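# Examining the three-dimensional arrangement
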Amino acid sequence: MSDTSIDKGSSLSQAIGFMRANRPLRAEELCRDYLGQKPGCTEHLRLLGHALMKQSRLQEAEQQLRLALSLEPEFPQVHEDLGSVLAMQSRFEEAIVELERAIQLQPALPLAHKKLGQALQAVGRGNDADEAFRVYLDNDPDRQAIAEHVKQLREGSREEAIKGLRVVLKRNPDSVNAMRFLALAYWQGKENLGDAEALLRRATQQAPDYAGAWLILGALLLERHKHMEAISAYQEVVRLEPENAEAWGGLGNAYSVAMYPDKGAEAFAKSVAIKGDAPGVQMGYAHVLKTLGDQAGALAAYRAAIKAKPGFGEVYWSMANLKIFNFEELEVSAMLQQIEREDLSESADIHFRFALGKAFEDKKDYDRAWHYYHTGNERQRMTVSHDPVEMENRHKRLRSVFTREFLTEKANRGHDVPDPIFIVGLPRSGSTLVEQILASHSQVEGTSELPVLGKLAESIGRYRTDGVQYPEAARDLRKKDWRAYGQQYMEESQRHRVTDKPFFTDKLPNNFPQVGLLHLILPNAKIINARRHPFDSCLGGYKQLFGSGQNFTYDMLDLAHYYRRYDAMMKHWREVLPGKVLDVHYEETVTDLENQVRRILAHCGLGFEESCVRFHETERAVKTASSEQVRQPIYTGALGTWRRYARHLDLWQEELGYIIDELPEVSRSAGL
Amino acid sequence: MVKLVTSSVVRGAQQGESHGGVYLIDLDSQSVKQVIDWNTAGIDWQGRGWDRGLRGIAFDDERVYIAASDELYAYTPNFQLIDSWRNPYLKHCHEIAVWERSLFLTSTGFDSILGFDLDKHSFNWGMNIQSRLHQFKPVGFDPTADEGPLMLNKLHINNVHCNSHGMYICGLNTGGMLHFNGNAINMAVTLPQGTHNAQPFRDGVLFNDSEDNVLRYTGRGEGEEDRAMAVPEIDTDKLSNRTAEDNKLARPGFARGLCVMSDRVVAGGASPSTVTLYDLAGNKTLLSVKLSSDLRNAIHGLEIWPY
């Protein structure tokens, strides 16, 4: 039963409250209740129009606004609203009429000039649009100032833009445009990213329909490795603007890095369907198709990216990185032409060189392949930082803390779950193969390279005011801390899991220096060291252009040094934790698969399953460089590949010869 | 007769609906008396955000100070409004604390702590907490001048506590409880995300672990004295306002509001507004008083009533 005494002011106030709370349906109900009694109330008709617009019910909104105008033809705000509804339906000519009428009735309407400018621009009346924008800006000093600072930002005067935008925000703390562009300015300078995120969060809280702010927030969150939050931000954009190709592409990226490749592929497909000539999106689409094992689809997307941007070296390298793919002659010629370009970016040049290395290796022209790999590495090394001395010191400190005595004294204090299986070693040493074997077991979930343990180690002692940091800070941990760190590892790794299988793998190779720590925080975790002939390990790294990290792989001496440090560290763990780490030699695995599978499973306390030998039949997403290789049956073609480049490897012979002498015979003689 | 005073906020409430208020709880009789109703408090509605309601509570002589989001109110012990103060740098205030002749307020929106002179009744001190990576830096400002910080709400500071060792500050994004010694800010203890009301207690820290629905005490020892007191479980069928929209704004069991009654007994709040007494030494719940069945109604400030 309706209440006949609804107060107009109270009804409007409540409906506005619901609109602000993003509850347009409730606002609509209130307006309709009131209009049921007083159908001629133009304020309620206008608010109802807003509530309907918010629900994307544009024709109904138009109907209500036209009704309001029939009752009060000189209501400027309703003309403006009607103009907005018409523009939202792409009926720009009609919108222009309404917006001009609104301005004629009330020249100082704050947003009408901007909307008119947008409508005029949409119908190609550029000069008129400029004039409308000028009036819009002239009416508001903040908008004018923001436009000026955005111009500064575009012209490279970032500091001035930041200073100016901060002044605007001091004057008007709720200016969402100032928040957005200040965030953008911080982000461009790769500084104050925390502040940039906070600004964008405020802007989107203040204006939940501000797609432009959501879009930047999504990209920023992605860069800050907040993958799930990035997904939410991009979802907001595509909700607000379902045809925004950039947002679908961003959503695809976010899903992919968060390890939801199916959803990533879906989002990329939508982006490509809307706008097929965005090379970055095509490349992202190809990456995720590769992860899903759709090599043909990946190649098609890579080639679409090249078509859109022929100088996109990263795409050629990504194709080479499929490993089991051979370039066509035309593609090799195109790459050779590209690296002759004087205006080619350094990054593209490096990508082309690594891709050419692969192309000439496939042609068995190993000297030419080496030339491109070597020059690519030389150039890449100049762009990254790696300090071998710092690494050596760090390893020394780890060994001096995690001694046999320390490990004995602190034993049995950690979190006693048996779930994780760590696969450590050097990249390109067979860790993906070991992971795939384990992930083919019914009790094991293969995750990926989890960025958890290293961060956890770094957090130990982070806030100590006496300057003592990890690893020395570990000496002062209480019994309950070891357990808490184990629990923290489990909680954080849980985010990367999708099944409830009792065991899971973490195959970040660079975890090898943390064996002592992980033994203490997770005493029942299993550890496997994926090993390979050092020349093949090092060469595998040298031929690889990593997306990020692994900076030691771009110089032959750095690689040799790193391998020696790795070898020393693993010898230390063998000495202080005998039997804890299982060495799995790649050469033994590929020549004696079933026995090695049994050995790996036994170390992990798992029963033998035939599926682990047929690992290549296991369907799962694989993201690393070896993703295509582990989808093939076992093959021996990669054994001793270093011999093809032997004449270039004298340095490694000198530096690593003593390690080779300690290898099993099958590893030493591999490739002969 | 021991009494507690508590404030509650109702998230997402609209004009005409209850917005919570201030309540006195008689622990002997376990009875509740609402002493301020936000709706009838004579408070101007204009210009307020969605997060209405009363928050932190503190006392100075015959004055009861209660913070709202952007305003500080002073009441008599009979809850007659004496005065109220605003400051451009006070935004989304959560908790307040009195130390010597100052009242300190969290200005969550500005990542700052504001100082209010209890004798001159004016804002006279401001400290913005800047954070970069894992470092924190105090930057002083004059809350009466224009050169203050930007409103970022980066750390979501929700608690301030003072004692003779300094000021302790905690927020959802601080990573733990910070200590300000007058010159520098350092991490005193790392805490779980979603922490409220963190404060030093005995040789450790007492706080509401709102994400896990527990009130926790963690000491410096090996854990024998550590406690995780679960907030009372609520039969969700008996709650009001539990639509999908409401669930986005609030959830049952959200632990917030805390006051220390003795070395072993503490009181903690939860949503829907419930206040519970915990015996930490005995590791048991002593009693629980329910103030509301509205899912959105949550305890905010909680103190021992000194009058």
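Residues numbered from 1 in each chain as written. Chains lettered and ligands numbered in written order. Predicted model: local features only at pLDDT ≥ 70, side-chain atom pairs only at ≥ 80, totals over all residues. Heavy atoms only, no water.

### Comments concerning the overall build of chain A
Across its full length, chain A holds 34 helices and 5 strands. The 672 residues of chain A split such that 55% are buried. Partitioning the intrachain contacts of chain A with sequence separation of at least 6 by distance along the chain shows that 67% fall at a separation of at least 24. As displayed, chain A has an accessible area near 29,300 Å², and 49% of this comes from carbon and sulfur atoms. Each charge class in chain A can be summarised by its mean position, and for the 86 positive and 95 negative side chains these summaries are 3 Å apart. (Helix = DSSP H or I, 4+ residues; strand = E, 2+ residues; numbered from the N terminus. Buried < 20%, exposed > 50% of the residue type's maximum accessible area, 1.4 Å probe, protein only. Contact = heavy atoms within 4.5 Å. Areas by Shrake-Rupley, 256 points an atom, 1.4 Å probe, with all protein chains shown as cover. Lys, Arg positive; Asp, Glu negative; His and termini not counted. Charge placed at Lys NZ, Arg CZ, Asp CG, Glu CD.)

### A closer look at the domain arrangement of chain A
Residue and element names in this part refer to chain A. Domain parsing of chain A yields domain 1 (8-141), domain 2 (145-381) and domain 3 (388-668). Here domain 2 and domain 3 have C-alpha centroids that lie 30 Å from each other. Counting from both sides, the interface comprises 28 residues of domain 2 and, opposite them, 29 residues of domain 3. For the pairing of domain 2 and domain 3, the buried interface totals around 2,600 Å² over both sides, and the portion due to carbon and sulfur atoms is 57%. One can count 3 salt bridges joining domain 2 with domain 3. (Domains from an automatic or database assignment. Buried area = accessible area lost by both parts, 1.4 Å probe. Salt bridge = Lys/Arg side-chain N within 4 Å of Asp/Glu carboxyl O.)

### Points about the packing of helix α3 (residues 42-54) of chain A against helix α5 (residues 76-88) of chain A
All names here are of chain A. Where α3 contacts α5, the axes come no closer than 11 Å and their chain directions differ by 20°. Here α3 lies roughly parallel to α5, going by the angle between them. Judged by the sense of rotation from one axis to the other, the crossing of α3 with α5 is left-handed. Along the contact surface, α3 presents R46, H50 and M53, while α5 presents Q77, V78, D81, S84, V85 and M88. Across the contact of α3 with α5, the residue classes tally to 4 nonpolar, 3 polar and 2 charged. (Axes fitted to C-alpha atoms, helices over the stretch in contact; angles between N-to-C directions. Parallel < 35°, antiparallel > 145°, perpendicular 65-115°, else oblique. Left-handed = near helix turned anticlockwise from the far one by under 90°. Nonpolar A, V, L, I, M, F, W, Y, C, P; charged D, E, K, R; others polar.)

### Focus on the packing of helix α23 (residues 388-401) of chain A against helix α30 (residues 556-576) of chain A
All names here are of chain A. Between α23 and α30, the shortest axis-to-axis distance is 11 Å and the interhelical angle comes to 0°. The orientation of α23 relative to α30 falls into the category roughly parallel. Here P388, M391, E392, H395, L398 and R399 of α23 lie close against α30, whose contacting residues are D558, H561, Y562, R565, A568, M569 and H572. Among the residues making up the contact of α23 with α30, the classes are represented as 6 nonpolar, 3 polar and 4 charged.

### So, the pairing of strand β2 (residues 21-26) of chain B
Residues and elements named next belong to chain B. Most of β2 sits inside the fold, with 6 of its 6 residues counted as buried. Pairing between strand β1 (residues 3-10) and β2: 5 bridges, direction antiparallel. Its bridge partner being in β2, S7 is matched across the sheet by V22. With 6 bridges connecting them, β2 and strand β3 (residues 31-37) associate as antiparallel partners. Within the sheet, the bridge partner assigned to I25 lies in β3 and is V32. Counting the residues in the hairpin turn of β2 and β3 gives 4 residues, including Q30, whose phi is positive at 55°. (Pairing = 2+ DSSP bridges.)

### Let's talk about the packing of aromatic side chains
All names here are of chain A. For the coordinates displayed, the defined rule picks out 40 aromatic pairs over all chains. Here F354 and Y554 contribute two aromatic rings whose centre-to-centre distance is 6.5 Å and whose plane-to-plane angle is 90°, an arrangement assigned as edge-to-face. With F354 in helix α21 (residues 346-362) and Y554 in the loop between α29 (534-542) and α30, the pair connects residues that are 200 residues apart, well separated along the chain. A relative accessible area of 0% places F354 in the buried class. What makes Y554 buried here is its relative accessible area of 2%. Between the aromatic rings of F535 and W652, the centroid separation amounts to 6.4 Å while the plane-to-plane angle is 45°, which identifies the pairing as tilted. Taken together, the residues span a long stretch of sequence, with F535 in helix α29 and W652 in helix α33 (residues 650-661) at a distance of 117 residues. Classification of F535 as buried rests on a relative accessible area of 0%. Since its relative accessible area comes to 0%, W652 is described here as buried. Directly above the aromatic system of F312 lies the positively charged group of K309, at a separation of 4.5 Å from the ring centroid. (Phe/Tyr/Trp six-rings, centres within 6.5 Å; stacked < 30°, edge-to-face > 60°. Lys NZ or Arg CZ within 6 Å of the ring centre and 35° of its normal.)

### Quick word on the sheet that holds strand β19 (residues 214-218) of chain B
All names here are of chain B. The antiparallel open sheet is built from 4 strands, whose spatial order is β17-β18-β19-β20. Two strands lie at the open edges of the sheet, namely β17 (195-201) and β20 (227-230), each paired on one side alone. When the angles between neighbouring strand axes are averaged without regard to direction, this sheet yields 15°. Here β19 pairs with β20 via 4 bridges, running antiparallel. Along β20, the bridge assignment pairs L215 with M229.

### As for unusual backbone geometry
Across the junction of Y470 of chain A and P471 of chain A, the peptide omega takes the value 10°, indicating a cis bond. Positionally, P471 of chain A belongs in the loop between α26 (453-459) and α27 (479-494). Residues other than glycine seldom take positive phi values, yet H225 of chain A does so here, at roughly 65°. For H225 of chain A, a relative accessible area of 58% translates into the label exposed. Phi is positive for H156 of chain B, which is not a glycine, with a value near 50°. Residue position: H156 of chain B is located in the loop between β12 (135-141) and β13 (157-163).

### Thoughts on the sheet that holds strand β11 (residues 122-132) of chain B
Sheets are built from strands that pair by backbone hydrogen bonding, the pairs being arranged parallel or antiparallel. Residues and elements named next belong to chain B. Here we have 5 strands laid out as an open sheet, ordered β8-β9-β10-β11-β12, and antiparallel in their pairing. Of all the strands in the sheet, the pair left with one neighbour each is β8 (93-99) and β12. Sheet twist, expressed as the average angle between the axes of neighbouring strands with direction ignored, equals 20°. Bridge count between β11 and β12: 7 bridges; the pairing is antiparallel. Residue N128 lies in a different strand from β12, and its bridge partner there is V139.

### Topic: the side chain of D506 of chain A
Residue and element names in this part refer to chain A. Among the secondary structure elements, D506 is positioned in strand β3 (residues 503-506). A distance of 2.8 Å separates a polar atom in the side chain of D506 from a polar atom in the side chain of Y489. If near-sequence neighbours (up to four positions away) are discounted, D506 is found in contact with I421, F422, I423, T447, S448, E449, L450, Y489 and N511. (Polar contact = N/O pair within 3.5 Å; in protein donor to acceptor, adjacent residues only side chain to side chain.)

### Side note on the pattern of salt bridges
Residues and elements named next belong to chain A. With the rule as written, the count across this model stands at 61 salt bridges over all chains. Note that D466 and R464 form a salt bridge whose closest N and O atoms lie 2.8 Å from each other. For D466, a relative accessible area of 47% puts it in the partly exposed group. Among the residues examined, R464 registers a relative accessible area of 29% and is labelled partly exposed. Among the charged side chains, a network of salt bridges with common partners joins R531, D567, K571, R574, D583 and E662.

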